Amino acid sequence: MNIESFISRRNKLLALMQEQGGGVAVIPTAREMTRNSDNHFPFRHDSYFYYLSGFSEPEAVIVLIAGRSGNRSILFCREKNLEREIWDGYRFGPEAASEQFGFDAAHACDALDTEMPCYLEDVNTLFYSTGADNNLDAQMQNWLQAVRSKSRSGVTAPEKTLNVRCLLDEMRVFKDDREITLLQHAAIISGAAHARAMRFTQPGRYEYELEAELLHEFRRRGSQAPAYSSIVAAGANACVLHYQANNAQIKDGDLVLIDAGCELDSYASDITRTFPANGKFSGPQKTLYELVLAGQQAALDCAHPGSRYMDGHNAAVRVLTQGMLDTGLLSKDKVGNVDDAIASGAFRQFYMHGTGHWLGLDVHDAGSYREAEKNGDEKPWRKLEAGMVLTIEPGIYVRPAQDVPEEYWNIGIRIEDDVLITADGHLNLSRDTPKTVADIEAEMQQ
Ligand code: GLY
Ligand code: MN
Ligand code: MN
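Here is what the cut-offs are and how they apply
Residues numbered from 1 in each chain as written. Chains lettered and ligands numbered in written order. Predicted model: local features only at pLDDT ≥ 70, side-chain atom pairs only at ≥ 80, totals over all residues. Heavy atoms only, no water. Donors = N, O, S within 2.8 Å, 3.2 Å for Na, K, Ca; no water. Helix = DSSP H or I, 4+ residues; strand = E, 2+ residues; numbered from the N terminus. Buried < 20%, exposed > 50% of the residue type's maximum accessible area, 1.4 Å probe, protein only. Axes fitted to C-alpha atoms, helices over the stretch in contact; angles between N-to-C directions. Parallel < 35°, antiparallel > 145°, perpendicular 65-115°, else oblique. Left-handed = near helix turned anticlockwise from the far one by under 90°. Contact = heavy atoms within 4.5 Å. Nonpolar A, V, L, I, M, F, W, Y, C, P; charged D, E, K, R; others polar. Near = heavy atom within 4 Å. Polar contact = N/O pair within 3.5 Å; in protein donor to acceptor, adjacent residues only side chain to side chain. Areas by Shrake-Rupley, 256 points an atom, 1.4 Å probe, with all protein chains shown as cover.

The protein atoms that coordinate the manganese ion (ligand 3) are Asp 270 (OD), His 357 (NE2), Glu 393 (OE) and Glu 416 (OE), at distances spanning 2.0 to 2.2 Å. A separation of 3.3 Å is found between the manganese ion (ligand 3) and the manganese ion (ligand 2), which share Asp 270 as a coordinating residue. A residue pair is termed long-range when its members are at least 10 positions apart, and Asp 270 in the loop between β13 (267-268) and β14 (271-276) and Glu 416 in the loop between β17 (412-414) and β18 (417-422) qualify at 146 residues. Look at Asp 270 and you get buried, because its relative accessible area is 3%.

Okay, structure coming up:
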């Protein structure tokens, strides 16, 4: 692992802390979570913690000190423990972790209670995110109380707390070369998994069988886990936005919607494809599919530096709403023209979610979607810039209803790609995943 990028992120955060007058940042990793009895959920490090360290063990905390006499970065982690390592596997221990991950010093996590009050003495600002970890919040109160109890000897405690995640959020919006390489690789693996699931699909198979094909392709290509719970939704299930059961039998004539992406070395991919169970789109399916594809293209056309974040959504909504009117999903007599149907929100009957989100260490990645400064009444949507990575994922979901043409009932379609904003436009990271009607039908014939 190239540790330089993690060190340079710590240095950047320390420089931002110095700009605010200095202080101490405390950034914990995630906690191990019990699933049932004495079983744990698979451990996944906290993304903010990992972003600054590259360190994956549980029970660890980063402390960054932006002091008057310079900066220090310190890791607290589990002690070496040969007995536990026989059962659970290797632990770095503070000494090796400090060296391997480029910290100035490391201590056992048990030392937090003795070390932290010393670090917090005579510091103006604590950079900490309250509410993310209740146990650490309580510990923090104890450490601060220990500092305050020394006030009669002239020691001062931090006067203010700033949310360190806000500084990290802004850093995380812009991906460096290593992150882009991983995001690209993750999207390639997920694209191959989607193609595999398409080839495997036929009426009579179960949704979970397709899920198994996805997982097989993720793992055999080196991904550690899905980045989120895979959605494999056939027929009417595709109209359930967060469908999770994945247990229905796929019928002839169904469309199958798969929203699945792998995580590779902590970076997510997030791809959705929709395809016919029997390998051939029916007329109404094709009509709506081409509509969603055109809506996605309209959003993709906005994916370049200078566009505002919401421009892509607005462009997709316009195309989709016009299509809803043209196909009779929306009745002109009832909702008026395309501008009326957008203004009233009538389109939301069939398109009720946003058109994307940042993508990175988290599938719904960190970072503000608005500019920092107010311009009039509200903060404007931020402009896209090179190095940002986002998804573009319009859809149409038609639930049976009296005024809706029956030929479209229970069709759910979403098309989702992962896109890197470049200096002169964008790069579609999931470009190799079959997407046009012709490409999908050809893939399924193999
Ligand atoms: N798979 C989650 C999403 O598309 O946002
Ligand atoms: Mn998705
Ligand atoms: Mn998504």
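Attention now moves to the packing of helix α5 (residues 112-119) against helix α6 (residues 134-148). Viewed as axis vectors pointing N to C, α5 and α6 meet at an angle of 55 degrees, and their least axial separation amounts to 9 Å. By the angle class used here, α5 and α6 are oblique. Along this stretch, α5 crosses α6, giving a crossing that reads as right-handed. Counted together, Leu 112, Asp 113, Met 116 and Pro 117 of α5 and Gln 139, Trp 143, Ala 146 and Val 147 of α6 form the full contact between these two elements.

Where helix α10 (residues 283-300) meets helix α11 (residues 311-327), the closest approach of the two axes is 7 Å, and the angle between their N-to-C directions is 155 degrees. Of the possible angle classes, the one that applies to α10 and α11 is roughly antiparallel. α10 and α11 meet at a crossing whose hand is right-handed. Along its contact with α10, which presents Thr 287, Leu 288, Leu 291, Val 292, Ala 294, Gly 295, Ala 298 and Ala 299, the element α11 presents Gly 312, Ala 315, Ala 316, Val 319, Leu 320, Gly 323, Met 324 and Thr 327. Taken together, the residues of the contact of α10 with α11 sort by class into eleven nonpolar, five polar and no charged.

Moving on, we get to the site of ligand 1. Neighbouring ligand 1 are Tyr 228, Asp 259, Asp 270, His 357, His 364, Glu 393 and Glu 416. In the model, an oxygen atom of ligand 1 is placed 3.0 Å from a nitrogen or oxygen of the His 357 side chain. In the environment of ligand 1, an oxygen atom lies 3.3 Å from a nitrogen or oxygen atom belonging to the side chain of Glu 416. Notes on ligand 1: free accessible area 200 Å², of which the protein chains cover 83%.

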